Amino acid sequence: MSESKTQTAMNLAFSLFCISPLTVLFWRGTFNLITELAFRDCPTDSRWYPALMLYLMGTLMKIAVDLLKHTMKDVLLNKGNCLQILSSAFLLYLDASFGVVMWVGGFNLLYLFFGVYWYSLTSVFIIACIILMAIKAFHCTGGVPLAIGTDEFEIVFNPYTYFGTKFNSSCRFQVILDTIFTYSIVHSLVICCWWGMWELENRFILYPCEITVKDIKAWDSVVISYFLVFVVVTINDSVVAMKEEDGKLRKAAAANFTAFLTFLASLNFWRGLWSLMDFYFFPSVNLWENLVVSHLIGFLGTFMIGTSLTLTQRSRKDSNTPEFHSCKFWVSNKRNQYEDLDQERENITLGMQV
């Protein structure tokens, strides 16, 4: 059932003004805390080691957490809602936190090996985009405010992978390889895309025309992101409705162009809100307390409204029926998050009886 215009507006507004700011708040606190702890007293020529350790630790833990989700799903299937919710909270917190660890390490490795020259930033960005488009995984470069994830049991414990391998007794090794490929290749390329464009905007694209006196107060990114959000929402249905008869190349080009707009909308939303939070989020509180509060409010806020999965930054293969605007928090036919679980239990019971 398609959403009404009222539902679409409500979902988008809730994402823009609640879920997405909380997501950025969590990442700001966590990212800056890890950066301060890892690099504060580290000489420039020695930063490669903590950066590499953070990247490897984040990647390995993301892989481990996803595999743990697959394993725990059957264990928790017939348990009470309270245990399922607590388990989800624990795993989502680990997933989100180590996701930030991976990005901190990835960003700092890119700073060290490529520098922040216009040609190195442009090259990394273009090459990463081309590879992602070639393997049909560019659409996952977008995120909030145009895409949110809800903490439903079936979604949390069925993490996305590039090849979409299903976890069962006959293909566990394939799931492990799929998860490793997803994070070591696809997600790493997403990090390269974000790093390249983020620094291009910081240093070359938006810096000369900042709206405010202080360049790190990125109001321009806020304006750009809100404009692009409404552009994507406007053209989303038309692009999704394109058929193979319209031309396979034309359809792919339209989808990737819309995905690129989604990526720019998301990146500028993060860049703009992040900088504003640096100025206006409890400015009188000292740095460490500020970052800890940012981290805690971001996670607890998203978890209480059931969207902490949004913090985890998933990577996956492009869908044959892409959806560039997937903010569906309130929908008329939204089912209880454990309804599918109850049905699965019934199916298991019937199967045992047969």
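Just above, that's the structure.
Think of each chain on its own: its residues are numbered from 1, step by step along the sequence as written. Totals for whole chains, interfaces and linings use all residues, but because this is a predicted model, local features are given only for residues with pLDDT of at least 70 and pairs of side-chain atoms are given and counted only at 80 or more. Heavy atoms throughout the structure, all of them, feed into the side-chain values; hydrogens and water do not.

## Section: the environment of Val239
Stated formally: Helix numbering and strand numbering both begin at the N terminus, where a helix is a DSSP run of H or I of at least 4 residues and a strand a DSSP run of E of at least 2. We call two residues in contact whenever any of their non-hydrogen atoms come within 4.5 Å of each other.
Assignment of secondary structure puts Val239 in helix H7 (residues 219-240). Along the primary structure Val239 and Thr258 are separated by 19 residues, whereas in three dimensions their C-alpha atoms are 7.8 Å apart. Apart from residues lying up to four places away in sequence, Val239 is in contact with Ala254, Ala255, Thr258 and Phe324.

## Looking at the packing of aromatic side chains
Here is the rule we go by: By convention, a stacked pair of Phe, Tyr or Trp rings (six-membered ring in the case of Trp) has centres within 6.5 Å and planes under 30 degrees apart, an edge-to-face pair has planes over 60 apart, and any other such pair is tilted.
With the rule as written, the count across this model stands at 30 aromatic pairs. Measuring from centroid to centroid gives 5.7 Å for Trp48 and Tyr49, while their planes differ by 85°, and the two rings are edge-to-face. For the pair Phe107 and Tyr111, a centre-to-centre distance of 6.4 Å together with 80° between the ring planes defines the contact as edge-to-face. Here Tyr111 and Phe107 lie together in helix H3 (residues 81-114), a separation of 4 residues that amounts to about one turn.

## Some details on H3
Which entries qualify depends on this criterion: Working rule for helices: expected span equals 1.5 Å times residues minus one.
Spanning 34 residues, H3 covers 48 Å between terminal C-alpha atoms, matching the ideal 50 Å at 1.5 Å per step. Residue Gly115 follows H3 closely and has a positive phi angle near 70°.

## Quick word on helix H9 (residues 287-304)
The line we're drawing: Relative accessibility thresholds used throughout: buried, under 20% of the residue-type maximum; exposed, over 50%; partly exposed, between the two (1.4 Å probe, protein chains only). It is the directions from the helix axis to the C-beta atoms whose arc is reported. Each polar contact in these results corresponds to two N or O atoms within 3.5 Å; when the atoms are within protein, one needs to be able to donate a hydrogen and the other to accept it, and residues that are neighboring in sequence are counted only if both atoms are side-chain atoms.
If you check H9, its first and last C-alpha atoms are 26 Å apart, about what 18 residues at 1.5 Å a residue would give, namely 26 Å. Within H9 the residues assigned to the buried category are Asn290, Leu291, Ser294, His295, Gly298, Phe299, Gly301 and Thr302. Looking down the long axis of H9, one finds its buried residues gathered within 170° of arc, a one-sided arrangement. Packed against the buried residues of H9 are helix H1 (5-39) and H3. Sitting at the head of H9, Asn286 places a side-chain oxygen 3.2 Å from the backbone nitrogen of Trp288.

## Considering the environment of Met10
Of note, Met10 is situated in helix H1. Sequence separation of Met10 and Trp330 is 320 residues, and the distance between their C-alpha atoms is 7.6 Å.

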